[in-house]
Amino acid sequence: QVQLVESGGGLVQAGGSLRLSCAASGTTFRIGNMGWYRQAPGKQRELVAVIGSGGGTNYADSVKGRFTISRDNAKNTVYLQMNSLKPEDTAVYYCNVVVFVWVKYEEYWGQGTQVTVSS
């Protein structure tokens, strides 16, 4: 069973920065995409950024130029550097990891970490 441990959330003023981390453990199978999603109160969960095993990235339009996703494959860890934070970035951020198990893939979610941006 894969476990995801997130860290790095908190309270920050608008214009500030935070760095989220998510470490995956409990598997020897290949990890594919690693990503971050967020869910604000009363809204649906949305993709923030995703990074493939080869390093290719994709971002939500709302965070392009401000957020950077990266990964350390040796540590099975994905990071989200968030700069120039805005109050509308306030949400619970969830890590998402895809693991290839033989001929199928399994998807795992972290427990979520709160990010609050004050104006």
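Parameters at a glance
Residues numbered from 1 in each chain as written. Predicted model: local features only at pLDDT ≥ 70, side-chain atom pairs only at ≥ 80, totals over all residues. Heavy atoms only, no water. Salt bridge = Lys/Arg side-chain N within 4 Å of Asp/Glu carboxyl O. Helix = DSSP H or I, 4+ residues; strand = E, 2+ residues; numbered from the N terminus. Buried < 20%, exposed > 50% of the residue type's maximum accessible area, 1.4 Å probe, protein only. Phe/Tyr/Trp six-rings, centres within 6.5 Å; stacked < 30°, edge-to-face > 60°. Lys NZ or Arg CZ within 6 Å of the ring centre and 35° of its normal. Pairing = 2+ DSSP bridges.

Chemist: I keep staring at the pattern of salt bridges and nothing clicks. Help me out?
Modeler: Close approach of charged atoms allows side chains with opposite charge to pair. Considering all chains together, one arrives at five salt bridges under this definition. Between Asp89 and Arg38 there is a salt bridge, with its nearest N and O atoms 3.0 Å apart. Taken together, the residues span a long stretch of sequence, with Asp89 in the loop between β8 (77-82) and β9 (91-101) and Arg38 in strand β4 (residues 30-39) at a distance of 51 residues. Here Asp89 falls in the buried class, since its relative accessible area comes to 1%.

Chemist: I would appreciate a short explanation of the packing of aromatic side chains in the present structure.
Modeler: The way to describe two aromatic rings as a pair is by their centre distance and the angle between their planes. According to the stated counting rule, one finds two aromatic pairs in the structure shown. Aromatic pair Tyr37 and Trp109: ring centres 5.0 Å apart, planes at 65°, arrangement edge-to-face. Placement of the pair is Tyr37 in strand β4 and Trp109 in strand β10 (residues 104-109), with a sequence separation of 72 residues. What makes Tyr37 partly exposed here is its relative accessible area of 23%. Positioned over the ring face of Tyr94 is Arg45, at 3.8 Å from the centre of the ring. Sitting above the plane of the Trp109 ring, Arg45 keeps its charged end 4.7 Å from the centroid.

Chemist: Honestly, the pairing of strand β3 (residues 18-25) in this entry has me stumped. Any pointers?
Modeler: Two faces make up the sheet, and in a regular strand the side chains alternate between them. For strand β1 (residues 3-7) and β3, the ladder comprises five bridges, and the chain directions are antiparallel. Counted as the bridge partner of Glu6 is Cys22 from β3. As defined by bridge partners, β3 adjoins β8 across six bridges and the pair is classed as antiparallel. Looking at β8, one finds that Cys22 is bridged to Val78.

Bear in mind that shape data such as this cannot, by itself, settle questions of function.
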